Amino acid sequence: MFVTGLRHLKIWVTDLTRSRAFYEQVFGLEHAMSFEDSDGVVRGMSFRIPGVDFELAIRENPELAKALYDADPFALATTREGLQQWVEHLDQLGIWHPPIVRASRGWACGFRDPDGIQIRLYAYDEQVAEAAGVQVRSGGLPQT
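Let me begin by describing the structure that accompanies this report. Residues take numbers from 1 onward in each chain, read along the sequence in its written order. Local features are withheld for residues below a pLDDT of 70 in this predicted model, meaning they are given only at 70 or higher, and side-chain atom pairs are given and counted only at 80 or more; totals for whole chains, interfaces and linings count all residues. In computing side-chain properties, one takes all heavy atoms of the structure into account and sets aside hydrogens as well as water.

1. A short note on helix α1 (residues 16-27)
Relative to the 16 Å expected for 12 residues at 1.5 Å per residue, α1 spans 16 Å between its end C-alpha atoms, a close match to the ideal helical length. For the exposure calls, accessible area comes from a 1.4 Å probe over protein chains only, and a residue counts as buried if that area is under 20% of its type's maximum, exposed if over 50%, partly exposed in between. Put simply, DSSP H or I for four residues or longer makes a helix, DSSP E for two residues or longer makes a strand, and each gets a number counted from the N terminus. Buried residues of α1: L16, S19, F22, Y23, V26 and F27, and no others. Down the axis of α1, the sector holding all buried residues measures 130°, keeping them to one side. For α1, the N-terminal capping position is held by D15, with its side-chain oxygen 3.0 Å away from the main-chain nitrogen of T17. Phi turns positive one or two residues past the end of α1, at G28, with a value near 65°. Take the number of residues in a helix, subtract one, and multiply by 1.5 Å to get its expected span. The directions considered for the arc run from the helix axis to the C-beta atoms. In protein, a polar contact requires one atom able to donate a hydrogen and another able to accept it; more generally it is a pair of N or O atoms within 3.5 Å, and residues adjacent in sequence count only if both atoms are side-chain atoms.

Right, dumping it as structure tokens:
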């Protein structure tokens, strides 16, 4: 099998309208399409994220969203400088976040969506990874 990239990332939410507003505000999303269920009600949407080559989708499913409370199913890549910009952006929006911390292979910070799913922001740092004993291959990715 050959994977060429990430197509989309789907997040389950309890309230589509509330989550759409949140994700559009936080990420500056561009609406791509809406998905109607068989009853004609829109319960899913996909969005383009400016500057990246994948889409973010949200799908209204209260049971799944509640089951994922406090989960941190993914981390979004950024730079160390980008983390500081994220902190400033989240502060401007009034969204609580912990301070930037040194992580196993770089620097991290995060915040929660309206349903309590953790959204991690991660800046890989080769020096931090090497100090932790992670062998680094060319391109800055750890060897597996």
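From this point, the narrative continues.
2. Some thoughts on the sheet that holds strand β1 (residues 8-13)
Strand order in the open sheet formed by four strands is β1-β4-β3-β2, and the pairing between neighbours is mixed. Of all strands in the sheet, those bounded by a partner on one side alone are β1 and β2 (30-36). For this sheet, the mean inter-axis angle between neighbouring strands, taken without regard to orientation, is 20°. Paired strands, as defined in this entry, are two strands with at least two bridges between them according to DSSP. As paired strands, β1 and strand β4 (residues 55-60) are joined by six bridges and run parallel to one another. Residue K10 lies in a different strand from β4, and its bridge partner there is A57. Sitting on the sheet, α1 is in contact with β1, β2, β3 (42-48) and β4, with an inclination near 10° to β3. Helix axes are fitted to C-alpha atoms over the stretch in contact, other axes to C-alpha atoms as well, and angles between N-to-C directions run from 0 to 180 degrees. Two residues qualify as a contact provided that any one of their heavy atoms is within 4.5 Å of a heavy atom in the partner residue.

3. Thoughts on the sheet that holds strand β6 (residues 101-102)
Overall, mixed pairing links the four strands, which are arranged β5-β8-β7-β6 in an open sheet. Edge positions in the sheet fall to β5 (75-78) and β6, since each of these pairs with one other strand and no more. Across seven bridges, strand β7 (residues 106-112) lies against strand β8 (residues 118-124) in antiparallel orientation. If you follow W107 over to β8, its bridge partner there is A123. Docked against the sheet, α1 engages β5, β7 and β8, running at close to 145° with respect to β7. Helix α3 (residues 80-93) rests against β5, β7 and β8 of the sheet, and its axis sits at about 20° to β7.

4. With respect to the pattern of salt bridges
We count a salt bridge whenever a side-chain nitrogen from Lys or Arg sits within 4 Å of a carboxyl oxygen from Asp or Glu. Within this structure, the stated rule accounts for nine salt bridges. Across the pair R20 and E24 runs a salt bridge, and its minimum N-O distance is 2.9 Å. Of this pair, R20 and E24 both sit in helix α1, four residues apart, which is roughly one turn of that helix. Residue classification places R20 among the partly exposed residues on the basis of a relative accessible area of 26%. Between R43 and D37 there is a salt bridge whose closest N-O contact spans 2.9 Å. When its relative accessible area of 22% is taken as the criterion, R43 is described as partly exposed. Judged by its relative accessible area of 23%, D37 falls in the partly exposed class.

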